[in-house]
Amino acid sequence: MQMPTPNADILARKGRIVARLQAVLPAGAVIHEERETKVYECDALTAYKCPPLCAVLPETTEQVAAAMRVCFEEGVPVVPRGAGTSLAGGALPTADCVILGVARLNDVIETDYDNRIIRVQAGRTNLSVTGAVEEDGFFYAPDPSSQLACAIAGNIAMNSGGAHCLKYGVTTNNLMGVKMVMADGEIIDIGGGHLDAGGLDLLGLICGSEGQLGIVTEATLRILAKPEGARPVLVGFDSNVVAGHCVSDIIKSGILPVAIEFMDRPCIRATEAFVGAGYPDCEALLIIEVEGAEAEINDQLSRIIAIAKRHNPVELRESGSEEESAKIWLGRKSAFGAMGRINDYMCLDGTIPVSELPLVLRRIAEMSKEYGLDVGNVFHAGDGNMHPLILFDANKEGDLEKCEALGADILRLCVEVGGCLTGEHGVGVEKRDLMGAQYTPEDLEVQLAVKDVFDPKWLLNPAKVFPLSVTEGRRA
Amino acid sequence: MTPTTEQELAEAVASATGPLRIQGGGTRDIGIPADGTVLSTSGLSGVSLYEPGAMTLVVQAGTPMAEIDALLAAQGQRLPFEPMDHRGLLGTTGTPTIGGVVAANVSGPRRIQVGAARDFALGVRFVDGSGQVLKNGGRVMKNVTGYDLVKLMAGSWGTLGVLSQVSLKVGAIPEVEATLVARGLDAANGIAALSGALGSPFDITGAAHLGPDTGGDDSETRIRFEGLAGAVAYRLGAMADRLGGDWTVVEGAASSTLWQQLRDVAPFADADIVWRLSVTPSSGPLISAMLAQNNLSHRAIFDWGGGLIWLAPDANALPDGGAKLIRAQMAALGGGHATLVKAPVTLRRELSVFEPEPPAIAALTTALRHKFDPRGILNPGLMGA
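Keep in mind that what you see is a predicted model, and the values were worked out from it rather than measured.

(A) Up close: the overall build of chain B. When its secondary structure is counted, chain B shows 14 helices and 17 strands. C-alpha atoms of chain B, sized along the principal axes, occupy 65 × 50 × 35 Å. Of all 385 residues assigned to chain B, the portion counted as buried reaches 58%. Taking as baseline every contact in chain B between residues at least 6 positions apart, the subset at least 24 positions apart corresponds to 72%.

This is the structure:
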C-alpha cells in the first residue's frame with residue numbers, strides 16, 4: 001500500500017510548527033516526542049503504520065480552530081482522529097502530518113427530551129451517548145460493534161452503521177446538526193434541532209466524508225425512546241441459499257426486525273470453539289431480533305418462525321428469557337474475537353443486494369479455495385452489508401499480500417453484482433485504490449471538486465478515499 | 001425539450017445555450033421560476049428494477065408517482081416517507097414524478113419517524129450542468145463509498161444536476177393504522193401531548209396539531225399508530241392512558257384520509273400565501289404565538305410533533321407576507337428554516353423563497369453550484385442567488 005512521499009520541507013520545519021501549535025494550545029496538548037507520537041502511528045487497521053509529525057489534542061472548538069489556522073498557514077496536512085478504531089485506515093498518518101485528535105472534546109452539551117435530541121462534543125464515545133440518556137429511557141440508535149470505544153466524530157466521518165440499522169438507519173439518518181472547523185480555521189454551524197436543510201443538504205454531504213471536508217467538533221443527534229423489550233430467535237439452515245431466501249421472505253412479509261444477522265459454518269465453528277454459545281453445527285445461521293411489548297414480540301416472532309419453518313431449518317431456537325437471549329447473541333458478538341484466535345484476519349465491508357447473497361457466498365467460497373485462505377462470513381443480512389473475514393498469517397511471507405488480493409477480488413465481486421465497496425467502515429486507505437471499480441473518472445472528479453470547495457489546499461486527510469494517482473495534482 | 005433517454009438528456013444540457021427550467025411533472029411550482037427553456041424529464045419513465053425482498057426500487061426520474069405507488073402496493077409495499085402531493089395546495093395540474101419528489105426532498109407526516117426522501121434515496125444518476133452523466137450511491141441500503149452526493153442532490157431542486165434515475169429503499173404497508181384524536185387543545189398543550197407521544201416507546205408514525213381554523217370545528221391533535229393489529233391496539237390504549245384527557249380513536253380508511261389531507265396541506269388550498277417552517281418542535285407553538293402578538297394573524301398546522309409549521313397569514317398580512325417577522329422570530333427561538341411555498345410570483349421575486357443562509361454557508365453553496373453547473377444554466381436563481 002502506497003502513501004505519498006512526505007514533504008521534506010515540512011519535516012524540516014517541525015520545530016517551528018510544534019512551537020506555533022504549542023503557542024495556541026494548552027500545555028500538554030501537543031505531542032511531538034518520537035516515543036509519544038508512536039501512539040498515533042495507526043488505527044485499527046494495524047497492518048499499516050507511520051508516526052505523524054506531531055499530534056494535537058485540543059479541548060475546545062476554538063482550540064481546534066486555532067490549531068487548524070496554524071496548519072493552514074504552514075501548509076501542513078491534517079489527519080483528524082476520533083478514537084482511532086477505523087478498520088479502513090481512516091486515521092492513518094503520514095510522516096509530514098499533524099494528527100488532530102478530538103478525544104478531549106467529550107462533554108454532553110445539552111440533553112433535550114422534549115425534542116428528542118442530544119448535543120455532544122464529537123470526541124464522546126458512541127456508547128456513552130446512550131449512557132447519558134438511558135436512565136431516562138432513551139438511546140442513540142447507531143451501534144457499530146466498536147461502540148464502547150469509537151467516537152461520534154469518527155462515526156460521522158464514516159457514516160457508521162451497526163447491527164440495528166435495518167430499523168433505525170445509519171449515522172446520517174440520526175445526525176441533525178454539526179459544528180465544524182474548516183481547513184482554514186473558520187467555524188461553521190449546520191443543522192440543529194430542526195429537520196432537513198433549508199438549502200443544499202450540506203449535513204448529508206459532510207456525514208461520511210472521512211474527515212476530508214472539515215473537523216466536526218460538536219454534533220446534534222436524534223435520540224429515541226427505548227423499546228419495551230427485544231427478543232431474538234436463532235434459525236439454522238443446511239444451505240446458505242435457503243438462509244438467503246428466508247431473509248428475503250421475512251422482509252417481503254412486511255415484518256421489520258431490528259436485526260437479521262448471518263453467520264456461516266467457518267464462523268459458527270470458530271465461535272463455538274471460543275465461547276460455546278451452543279450454536280448448531282450447520283451451514284448458515286440467522287439471528288433475527290424483534291422489538292416491542294411482550295405480546296407484540298410474540299406476534300412478530302410467531303410470524304417469523306412460520307416463515308422460517310417453510311424453509312426446513314435444521315434448528316430453531318426461540319429465546320425464553322433474558323439469559324437465553326444473551327446466549328443467542330454471545331456467539332455473534334464474539335465472532336471477530338473467535339476468528340482472531342485462529343489467525344490474523346482482515347475484515348471486509350462490502351454491501352450487496354440481498355437477492356445476490358447465495359451467488360456471492362458461493363463465489364467467495366470458490367475464491368477462498370483458489371487463494372488457499374480461509375474466509376468466514378458474518379454480517380448484517382437484512383441490509384446486505386457483508387463482513388467476510390479473511391484469515392491469514394502475518395508472519396508468513398506473502399500472506400498479507402495474498403489476503404489483500406483476495407479481499408480486492410471479493411469487493412470487486414460486490415460491485416459487479418450491484419453492490420458497493422464499503423457499507424459502514426469507509427474507504428480510508430484500505431479501499432482507496434479500488435474506487436475505480438465502482439466509479440468512473442468523471443464520477444470521482446465531481447467528488448474531488450466537492451473537496452476543492454471545502455478544502456482548496458487539500459490539507460485535510462489528503463491521501464485517503466481517492467486513488468493517489470487521481471489526487472496527485474491537487475494534494476499539496 | 002422532453003428527452004426520452006439519458007443520453008438525449010445529456011445532449012440537451014450540453015448543447016443548451018441559455019438557462020434551462022428543469023421540470024418533472026411541473027406540479028411543484030416553488031421558488032423563483034427560471035426564465036429559460038423548459039427541460040422536462042417526463043420522457044424518462046419506467047421501472048428499471050424492483051426487488052420487494054430487498055426493499056429496493058430503481059426508477060427513471062420521470063416515472064409518475066401514481067405508477068410507483070400502484071406497483072409497490074401490489075406487493076404490499078410503499079414509499080415510507082409519505083411524499084406530499086403539491087397539486088391541491090398550489091393549484092397546479094400535471095403528473096407528479098419521483099424525480100421531482102427527490103429533487104425537492106418531499107416528505108410527509110411519517111418523516112418524523114422514518115426519515116425524509118433524502119433518507120430513502122440510495123443512489124442517483126444525473127446530468128450535471130456541463131452535460132456529463134454522473135452517478136453516486138447505488139442500490140444497496142448501506143453504502144459509504146466516497147462522498148454522499150445523493151443527499152446533496154436530494155433537495156437541490158435541479159440546480160446541481162438533472163436527475164435521470166433514482167434508487168430508493170421501500171417499506172411495507174402495515175397491517176393496520178389508527179389515530180388518536182383529541183379536540184380543543186391549544187397549540188402549547190397539543191404539542192406537549194405530541195412530545196409525550198414521540199418520547200414513548202410506541203413507534204408513533206404521525207404527530208400533528210391542527211389549529212381551530214384549519215378545517216375542523218375545533219383544534220385537533222392527532223397521533224398515528226401503524227403495525228400489526230394487536231400491537232396497534234395495545235399501543236393506542238397504553239398511549240391514551242399515559243397522556244390522560246379525552247382521546248377518540250379513528251381507524252382504517254378514515255385514519256388514512258386524515259393523514260392524506262394533512263400530508264397535502266388541504267386546509268390551506270384556499271390561501272394565497274403559505275409558509276413552511278422547519279423548527280425545533282417545542283418552539284413551534286411559541287413562534288406561532290409570537291407572530292400573533294406581533295400582528296401577524298395566521299392559521300397554523302403543526303406536523304412532525306410541532307417541528308413542521310404550515311402557516312397561512314391572513315389576507316391583510318404584512319406586505320412582505322410576514323417574511324421578515326417570521327424569520328426573525330424563528331431565529332430568536334432556536335433557529336430553523338422558513339420556505340415561502342406558495343405566493344404570487346411577483347412576491348416570490350421580491351423575497352427570499354428559501355431561507356437566506358449565513359455568509360459562510362452561502363459561500364459554500366455558491367461554490368458547489370459553480371462546480372456542478374459552471375455555466376449557471378440549471379434552474380438559475382430558483383433557490384436564490
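(B) A look at unusual backbone geometry. Look at Asp-196 of chain A: it is not a glycine, yet its phi comes out positive at around 65°. A positive phi angle, near 50°, is found at Asp-203 of chain B, a position not held by glycine. The residue Asp-203 of chain B is located in the loop between α8 (187-198) and β11 (204-210) in this model. Judged by the 20 C-beta atoms lying within 10 Å of it, Asp-203 of chain B falls in the buried class.

(C) Representation of the interface of chain A and chain B within the structure. If you look at the interface, chain A gives 76 residues, while chain B gives 69 residues. Every element with two or more residues in the side of chain A that touches chain B is listed here: α8 (171-174), β9 (187-191), α9 (202-206), α10 (240-252), α12 (294-309), α17 (435-438) and α18 (441-454) of chain A. With eight residues, α18 of chain A is the largest single contributor of residues to the side of chain A that touches chain B. Broken down by class, the residue content of the side of chain A that touches chain B amounts to 32 nonpolar, 29 polar and 15 charged.

(D) Geometry of the sheet that holds strand β14 (residues 284-291) of chain A. Residues and elements named next belong to chain A. Overall, antiparallel pairing links the seven strands, which are arranged β15-β12-β14-β13-β17-β18-β16 in an open sheet. If you trace the sheet from one side to the other, it starts and ends with β15 (315-318) and β16 (344-347), each paired once. The average angle at which neighbouring strand axes cross in this sheet is 15°, direction not considered. One ladder, built from three bridges, connects strand β17 (residues 375-380) with strand β18 (residues 388-392); its direction is antiparallel. Bridging from a neighbouring strand, Asn-377 pairs with Pro-388 of β18. The strands touched by helix α16 (residues 399-416) within the sheet are β16 and β18, with β18 carrying the most contacts at an inclination of about 160°.

(E) A look at the sheet that holds strand β8 (residues 161-169) of chain B. Spatially, β3-β4-β8-β6-β7 (chain B) is the arrangement adopted by the five strands of the open sheet, whose pairing is antiparallel. Sheet topology places β3 (47-51) and β7 (133-137) of chain B at the edges, where each strand pairs with a single neighbour. Each neighbouring strand pair of the sheet contributes to a mean axis angle of 15°, computed without reference to strand direction. Summarising the sheet, strand β4 (residues 56-60) of chain B and β8 of chain B pair through five bridges and their orientation is antiparallel. By the bridge assignment, Gln-60 of chain B is partnered in β8 of chain B with Gln-165 of chain B. Along the sheet, α18 of chain A makes contact with β6 (121-128) and β7 of chain B, crossing β7 of chain B at roughly 70°.

(F) Geometry of helix α1 (residues 6-14) of chain B. All names here are of chain B. Those residues of α1 lying buried are Leu-9, Ala-10 and Val-13. One side of α1 carries all its buried residues, which in axial view fall inside an arc of 100°. Elements in contact with the buried residues of α1: β1 (20-23), β6, β7 and β8.

(G) Up close: the packing of helix α2 (residues 14-24) of chain A against helix α4 (residues 61-74) of chain A. Residues and elements named next belong to chain A. Here α2 crosses α4 at 155°, and the two axes come no closer than 9 Å. It follows from the interaxial angle that α2 and α4 lie roughly antiparallel. When you trace α2 past α4, the crossing you get is right-handed. Contacts from Ile-17, Arg-20, Leu-21 and Val-24 of α2 reach α4 at Ala-66, Ala-67, Val-70 and Glu-74. When grouped by side-chain class, the residues that make up the contact of α2 with α4 number six nonpolar, no polar and two charged.

(H) Geometry of the domain arrangement of chain B. Residues and elements named next belong to chain B. Domain assignment breaks chain B into domain 1 (6-172), domain 2 (176-263) and domain 3 (266-350). Between domain 1 and domain 2, the C-alpha centre-to-centre distance is 31 Å. Domain 1 puts seven residues into the contact, and the matching count from domain 2 is ten residues. Partitioning the side of domain 1 that touches domain 2 into residue classes produces three nonpolar, two polar and two charged.

(I) Focus on α12 of chain A. Here α12 of chain A spans 22 Å end to end across 16 residues, near enough to the 22 Å set by a 1.5 Å rise per residue. Looking only at α12 of chain A, the buried set comprises Glu-296, Ile-297, Asp-299, Gln-300, Leu-301, Ile-304 and Ala-308 of chain A. For α12 of chain A, the elements touching its buried residues are β12 (230-237), α10, β14 and β15 of chain A together with α9 (229-243) of chain B.

(J) Geometry of the domain arrangement of chain A. Domain annotation for chain A reports domain 1 (8-104), domain 2 (230-336) and domain 3 (343-416). The distance between the C-alpha centroids of domain 1 of chain A and domain 3 of chain A comes to 33 Å.

(K) Up close: the packing of α18 of chain A against helix α14 (residues 359-372) of chain B. Two elements in contact, α18 of chain A and α14 of chain B, have axes separated by 9 Å at closest approach and are oriented at 150°. Compared by their axis directions, α18 of chain A and α14 of chain B come out roughly antiparallel. Considering only the axes of α18 of chain A and α14 of chain B, their crossing is right-handed. Residues Ala-449, Val-450, Val-453 and Phe-454 of chain A of α18 of chain A form the contact with α14 of chain B, whose participating residues are Leu-364, Ala-367, Leu-368 and Lys-371 of chain B. For the contact of α18 of chain A with α14 of chain B, the residue count by class is seven nonpolar, no polar and one charged.

The rules behind the values
Residues numbered from 1 in each chain as written. Chains lettered and ligands numbered in written order. Predicted model: local features only at pLDDT ≥ 70, side-chain atom pairs only at ≥ 80, totals over all residues. Helix = DSSP H or I, 4+ residues; strand = E, 2+ residues; numbered from the N terminus. Buried ≥ 20, exposed ≤ 12 C-beta atoms within 10 Å, placed from the backbone. Contact = placed C-beta atoms within 7 Å. Nonpolar A, V, L, I, M, F, W, Y, C, P; charged D, E, K, R; others polar. Pairing = 2+ DSSP bridges. Axes fitted to C-alpha atoms, helices over the stretch in contact; angles between N-to-C directions. Arc of directions from axis to C-beta. Parallel < 35°, antiparallel > 145°, perpendicular 65-115°, else oblique. Left-handed = near helix turned anticlockwise from the far one by under 90°. Domains from an automatic or database assignment. Expected span 1.5 Å × (residues − 1).

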